[in-house]
Amino acid sequence: MQPAFPGSPGGPGAPGDRTFEMRFSSTPRGARLARHLAAVRLDAWGIPYGTDPHDAIVLIVAELTANAVRHGHVPGRDFHLRLHTPPDGATVRVEVTDTRAERHPRRPRHAHHPHGEEEAGRGLVLVSHLATRWDWHPRPDGPGKTVWAECATPRYMNQAPQLT
């Protein structure tokens, strides 16, 4: 699994454009690795560990990748994580793509609010509270879907160091 870093020095993309993407095994271990690498990448982009934007984005990555493993798993197929921030650094977009076409999350305005002792259904409610906005769309290059969320990062990204 090779990460792609379009927009980093010497790579494709607009100057200041930051993108990290990688495929992971559709297992709990793959979801944990995706969360860990997202945390490292955000810190390298200037969103430090322990800040509210860092923690919110990492939690969103954790929820979306866990959902891809639990609800979007197709045997023998991986899920894909993409983190992206435009040159202005105002937001970070998290995208998680799986290959299961027949299971779709509820749209944001219809998010299920679990009650009492329910253990399932809380992930997307949490994402809806942490993200500026989120939604999903069918995967354009095959079966499956991409669930995405955007988070504002107002004071961190404009001062982020360039990757070397």
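About the cut-offs
- Residues numbered from 1 in each chain as written.
- Predicted model: local features only at pLDDT ≥ 70, side-chain atom pairs only at ≥ 80, totals over all residues.
- Heavy atoms only, no water.
- Helix = DSSP H or I, 4+ residues; strand = E, 2+ residues; numbered from the N terminus.
- Expected span 1.5 Å × (residues − 1).
- Buried < 20%, exposed > 50% of the residue type's maximum accessible area, 1.4 Å probe, protein only.
- Contact = heavy atoms within 4.5 Å.
- Polar contact = N/O pair within 3.5 Å; in protein donor to acceptor, adjacent residues only side chain to side chain.

A. Looking closely at helix α2 (residues 52-70). Here α2 contains 19 residues, and its C-alpha end-to-end distance of 27 Å stays within 8% of the 27 Å for a straight helix at 1.5 Å per residue. Residues of α2 that are buried: Pro53, His54, Ala56, Ile57, Val58, Ile60, Val61, Ala62, Leu64, Thr65, Ala68 and Val69. Buried positions along α2 lie against α1 (28-44), β2 (79-85), β3 (91-98), α3 (123-130) and β5 (145-152).

B. Molecular detail of the environment of valine 127. Along the chain, the position of valine 127 falls in helix α3. On the accessibility criterion, valine 127 (1% relative accessible area) is buried. As a C-alpha pair, valine 127 and valine 61 span 66 residues in sequence and 9.2 Å in three-dimensional space. Beyond its immediate stretch of four places on either side in the chain, valine 127 contacts Ile60, Glu63, Leu64, Trp134 and Ala149.

C. Highlighting the side chain of serine 26. The topology assignment puts serine 26 in the loop between β1 (18-24) and α1. A polar atom in the side chain of serine 26 sits 3.1 Å from the side chain of histidine 73. Look past the residues within four positions of serine 26 in its chain and what remains in contact with it is Ala68, Val69, His73, Arg77, Asp78 and Phe79.

D. Spotlight on α1. With 17 residues, α1 extends 25 Å between its outermost C-alpha atoms, agreeing within 8% with the 24 Å of an ideal straight helix rising 1.5 Å per residue. Turning to α1, its buried residues number three or more, namely Gly30, Ala31, Ala34, Ala38, Ala39, Arg41 and Leu42. Looking at the buried side of α1, the elements it contacts are β1, α2, β2 and β3. Phi turns positive, to about 100 degrees, at glycine 46, one or two residues after α1.

That is the geometry; function is a separate question.
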